[in-house]
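Here is what each chain is made of, one letter per residue.
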Amino acid sequence: MMDRRTFNLGLGAAALGTMLPNPVRAQGYTGPNVILVRFGGGVRRAETIGEATTFAPYLRHVLAPRGTFVPDMRIAQLDGVDTSHAEGTLNLLTGRYLAYRDAGSKLLQDRLEPTEPTLFEYLREAFDIPSHQALLINGEDRPQEEFFTYGVNEHYGIAFRSEMLSLHRFKLYKNAAILAEGTAPEAAMAAAQEEYAALMAADPRAISPDQSPEVTGFWERWRAHYGDDGFRNPRGDRLLTALAVRALAELRPRLMMVNYQDPDYVHWGNASHYTRAIQVIDEGLQRLVEVVEADPFYRENTVFVISPDCGRDDNALMGVPFQHHFNSRSAHETWAVLYGPGVARGAVLDKPVDQSAVAPTVAALMGFRAGQAEGDALEEVLT
Ligand SMILES: [Zn+2]
């Protein structure tokens, strides 16, 4: 099999055209739509789903009772499984453990790419859905997660990729646009050239393949709204909510994953950053639900699946508490909340459930099979 990077670099638009999903074979899709929310950056049950201790009251006291609450999801104890962000996210997206590999060169250290198909690829193989309707919303400082848009599995891959909305992508668009326009003052042109080169060096794969015309149009409107200076748009996980809300209105995604991440700032030792970040995600969730319920395209035709990437340590004796790389029991402990049409209401699935069940459950909700997933769909959740 051709190395993926070599493959991408040599991939012209004409070659890509021949690989796009075949609209004759694939069927149209009418829903339900799924919004997969990574309640991420690693969170413990205590601060998220603990009934009396939660910092996410909307999740725990409003959404969970409206749908199915899965309080005991676990990341399996397997050799080589790290309870961390990229790993947990790929477990959610592939329905498998260890279905990733290091993306390679020194420049790209710690970048994992999926080796099995992701939900986006299964979906786009099964249905005639354009790439801009299979969306990943990613944080600004995690270019390593730009690799999640498709796996290296031979049968699936780039032709069925998702598209990515992140500040990294916007900056690529913006600087390329400034350079192409050529109308900015000399100093601004030089700054755009420098930032563009730095972004490319940080992740050469980020523009290969190009984003679709629909996503380029999205950035054009985003730029018109927020301008070029970067001081007017929300930051951190609030930015992810803003991107997701705009994407719902402008791109009409059928499957969208929102990769919240800011609770991870607790690595630096400040517990209030962690609990505050959980509140910000909770507010984002509420906003997303309200937007969906106000939009006839999504209302009563959209399922929310909310689950963390990983847990966190629970050991108050550690020098810096709240870590998640030490294979502790609570770092393996997560949960899920599912809410929307086709999901049991007011139910609690009160048994241990594996994290690898999330992908096949999303697949079952949307009417396709995640053939390489190891987990089983949560039949009890589906009505
Ligand atoms: Zn972390």
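Here, every reference points to the structure presented above.
Residues numbered from 1 in each chain as written. Predicted model: local features only at pLDDT ≥ 70, side-chain atom pairs only at ≥ 80, totals over all residues.

This part is about the nonpolar core. Residues Leu-119, Ile-137, Val-305 and Val-362 are the most contacted members of the largest nonpolar core, which totals 87 residues. Sort the elements by how many residues they give to this core and helix H11 (residues 271-293) lands first, with eight residues. Once you skip the residues sitting within four places of it in the chain, Val-362 turns out to touch Val-34, Leu-36, Leu-119 and Val-305. (Core = buried A, V, L, I, M, F, W, Y, C linked by C-beta atoms within 7 Å. Buried ≥ 20, exposed ≤ 12 C-beta atoms within 10 Å, placed from the backbone. Helix = DSSP H or I, 4+ residues; strand = E, 2+ residues; numbered from the N terminus. Contact = placed C-beta atoms within 7 Å.)

Closest axis-to-axis distance for the helix H10 (residues 236-250)/H11 pair is 9 Å, and the angle between their directions is 10 degrees. As judged from the angle between their axes, H10 and H11 are roughly parallel. In this structure, H10 contributes Asp-237, Arg-238, Leu-240, Thr-241, Ala-244, Val-245 and Leu-248 to the contact, and H11 contributes Ala-277, Val-280, Ile-281, Gly-284, Arg-287, Leu-288 and Val-291. Looking at the contact of H10 with H11 residue by residue, the class counts come to nine nonpolar, two polar and three charged. (Axes fitted to C-alpha atoms, helices over the stretch in contact; angles between N-to-C directions. Parallel < 35°, antiparallel > 145°, perpendicular 65-115°, else oblique. Nonpolar A, V, L, I, M, F, W, Y, C, P; charged D, E, K, R; others polar.)

As a further point, take the packing of helix H7 (residues 167-181) against helix H9 (residues 213-226). At a minimum axis distance of 10 Å, the contact between H7 and H9 shows a crossing angle of 80 degrees. Considered as vectors, H7 and H9 are oriented roughly perpendicular to each other. Judged by residue contacts, Phe-170, Tyr-173 and Lys-174 of H7 engage Thr-216, Trp-219, Trp-222 and Arg-223 from H9. Here the contact of H7 with H9 is composed, by residue class, of four nonpolar, one polar and two charged.

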